[in-house]
Amino acid sequence: MTYREEMLLFNEKFVENKEYECFTTTKYPDRKVAILTCMDTRLSALLPAALNIRNGDAKIIKNAGALIKHPFGSVMRSLLICIYELGVREIWVIGHYDCGMQAVSAGSMVEKMLERGVKPEAFDQLKQNNVDINEWLKGFRDPAESVRETLEIIKKHPLVPEGMDCSGYLMDPLTGRVDIVQT
Ligand SMILES: [Zn+2]
């Protein structure tokens, strides 16, 4: 059985056994918090467990590195929806130590793309969309600095209302301990 088949079978039983009942909540975050964090698999269950975030407590937005790459991109859009449509009053940016984005380089990713058969002409499309691939795929060296930069983008954003409570943290992906970067 493939993992996907396993997943579908599990799902059928999950619903049949009404295992969803303990997760019932609304789309409005009970604790009025939005969290921007990394997609790192070590944090999937650890982060909510370590911070006592239950289903329904917080909006959680994830991407590689907990980054905002563009002030008018999808992360900022999600945060604005959190603020204006879902009652969010607080934003937590939670990066982590040993983040994969510390090792990412645009150059090596482009090499891998070419190896996997992406045509060199494909990169012209990025130029046509004014995307600088080196900037777009760039990682970071210091996760704390990255959290601070992300917070700055949120705090200075022209569409974020005054008085939003924004803070930043770094999580240890092994123990779940959070260190305060900025509150
Ligand atoms: Zn990460």
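Scroll up for the structure.
Residues numbered from 1 in each chain as written. Predicted model: local features only at pLDDT ≥ 70, side-chain atom pairs only at ≥ 80, totals over all residues. Heavy atoms only, no water.

Student: Got a minute to help me understand the side chain of His 157 in this structure?
Tutor: Mapped onto the secondary structure, His 157 falls in the loop between helix 7 (143-155) and strand 4 (165-171). On the basis of relative accessible area, His 157 is assigned to the buried category, the value being 4%. Here the side chain of His 157 touches Pro 71 through a polar contact of 2.7 Å, landing on its backbone oxygen. (Helix = DSSP H or I, 4+ residues; strand = E, 2+ residues; numbered from the N terminus. Buried < 20%, exposed > 50% of the residue type's maximum accessible area, 1.4 Å probe, protein only. Polar contact = N/O pair within 3.5 Å; in protein donor to acceptor, adjacent residues only side chain to side chain.)

Student: Help me understand the coordination of the zinc ion, please; the structure alone is not making it clear to me.
Tutor: Coordination angles at a metal have ideal targets, namely 109.5 degrees for four tetrahedral donors and 90 or 180 degrees for six octahedral donors. Only Cys 38 (SG), His 96 (NE2) and Cys 99 (SG) from the protein coordinate the zinc ion, and they sit 2.0 to 2.2 Å from it. Taken in sequence order, the residues that donate to the zinc ion follow the motif C-x57-H-x2-C. Side by side, His 96 and Cys 99 carry an identical accessibility label, which is buried. (Donors = N, O, S within 2.8 Å, 3.2 Å for Na, K, Ca; no water.)

Student: What's the story with the pattern of salt bridges in this structure? I'm lost.
Tutor: Think of it this way: side chains of opposite charge can pair up when their charged atoms draw near. This model, assessed by the stated rule, comprises 8 salt bridges. Between Lys 138 and Glu 135 there is a salt bridge, with the nearest N and O atoms lying 3.4 Å from each other. The class of Lys 138 is partly exposed, set by a relative accessible area of 40%. Taking the relative accessible area as the measure of exposure, Glu 135 reaches 40% and is therefore partly exposed. (Salt bridge = Lys/Arg side-chain N within 4 Å of Asp/Glu carboxyl O.)

Student: Just to check I follow, could you spell out the packing of aromatic side chains for this structure?
Tutor: Any two aromatic rings considered together are summarised by their centre-to-centre distance and by the angle between their planes. Scanning the entire structure with this criterion turns up 3 aromatic pairs. Cluster of aromatic residues (ring-pair linked, three or more members): Phe 10, Phe 14 and Phe 23. (Phe/Tyr/Trp six-rings, centres within 6.5 Å; stacked < 30°, edge-to-face > 60°.)

Student: Any chance you could explain the sheet that holds strand 3 (residues 90-96) here in plain terms?
Tutor: The pairing of strands in a sheet happens through backbone hydrogen bonds and is either parallel or antiparallel. Reading across the sheet, the 5 strands line up as 2-1-3-4-5 and stay open at both edges, with mixed pairing between neighbours. Edge positions in the sheet fall to strand 2 (58-63) and strand 5 (178-182), since each of these pairs with one other strand and no more. The mean angle between the axes of side-by-side strands here comes to 25°, regardless of whether they run parallel or antiparallel. Together, strand 1 (33-38), strand 2 and strand 3 form the strand contacts of helix 3 (residues 74-85), whose direction differs from that of strand 2 by roughly 175°. In the packing of helix 7 onto the sheet, contacts are made with strand 1, strand 3, strand 4 and strand 5, and the angle to strand 4 comes to roughly 165°. (Pairing = 2+ DSSP bridges. Axes fitted to C-alpha atoms, helices over the stretch in contact; angles between N-to-C directions. Contact = heavy atoms within 4.5 Å.)

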